[in-house]
Amino acid sequence: MGVLIIMKYLMFAFNVLIFIGGLCLLAVGIWVVADPDGFQSIVTSNPLLTTGAFIILMVGVALALLGFLGCFGAIKENKVLLMAFFVLLLVMFIVELVGTIFALTYKKQITNEYFLLELHKNYQGDNATDVFSTSWNTIMIALSCCGISGPDNFGNGSLFHKLYPMTPWPDACCSRNNAVLSDNILNRNNCMQNVTGFVNNQGCFPAIAKSLQKYVNLTGAVGLGVLGIEMFAMFFALCLYYNFD
């Protein structure tokens, strides 16, 4: 009987941790979507990241509810609630395991070559209305950078070059009076002639990669931690289920 009481309170403790883990995932999901560093445009322009962010949000909410259900089932010694908790948590465990592997795998795609290929295929210029192009224009202006590694990224082989063969790079690469406010270009002619001080020669990849890797690392770490807690919670749920009358 003493062992059963200990298991019940351990079950309660692990479910409190699951509840907290769910809130953490929810917070990470909100952080990725809201993006405090101003990279929400990257998330929006990449369906993979958008889907991943909202999956994290939904899993966070579901885990918080499951943690509450597990605590209630353990305290009330209700076998129906415990079995429901176990089945639902098993489903969540599988989803999270796939999601965590997916997040850690995606980290390998955060490379210069991957983003350069996407830029070559999809960027349509300053006046384009598609999400990808407007997102990149916002990033290049806000960060005072140009392309992935520099202005040369908009040369031969890129969609931008096909659309504007006489323009070396977009206006978004030109230096401005106030980049934060997207102010007027200093001098467009000097920019297009690559005069020092009038074009942003620094690529955007270092800042983008750092931001995305930060999101992926945090999401993967929280996911692995929650998975470990869930394994113990499922074990205790089964033990209590077979020992309660």
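Structural notes, computed from the coordinates. Everything numeric in this text was worked out from a predicted model, so none of it was measured. (Residues numbered from 1 in each chain as written. Predicted model: local features only at pLDDT ≥ 70, side-chain atom pairs only at ≥ 80, totals over all residues. Heavy atoms only, no water.)

Take the packing of aromatic side chains next. Across all of its chains, the model carries six aromatic pairs by this definition. Both rings, one in Y123 and one in F160, keep their centres 5.9 Å apart while their planes meet at 40 degrees; by these two values the pair is tilted. Placement of the pair is Y123 in the loop between α5 (112-122) and α6 (131-143) and F160 in helix α7 (residues 159-163), with a sequence separation of 37 residues. (Phe/Tyr/Trp six-rings, centres within 6.5 Å; stacked < 30°, edge-to-face > 60°. Helix = DSSP H or I, 4+ residues; strand = E, 2+ residues; numbered from the N terminus.)

α6 packs onto α5 with a crossing angle of 120 degrees between their chain directions and a minimal axis gap of 10 Å. One finds that α5 runs oblique with respect to α6. Judged by the twist between their axes, the crossing of α5 over α6 is left-handed. Residue-level inspection shows F115, E118, L119 and N122 of α5 in contact with α6, the latter providing F132, S133 and W136. The residue inventory of the contact of α5 with α6, partitioned by class, reads four nonpolar, two polar and one charged. (Axes fitted to C-alpha atoms, helices over the stretch in contact; angles between N-to-C directions. Parallel < 35°, antiparallel > 145°, perpendicular 65-115°, else oblique. Left-handed = near helix turned anticlockwise from the far one by under 90°. Contact = heavy atoms within 4.5 Å. Nonpolar A, V, L, I, M, F, W, Y, C, P; charged D, E, K, R; others polar.)

Within the secondary structure, G125 sits in the loop between α5 and α6. For the pair G125 and D171, spaced 46 residues apart in sequence, the C-alpha separation works out to 8.3 Å. Those residues in contact with G125, other than ones at most four positions away along the chain, are S133, N137, F160 and Y164.

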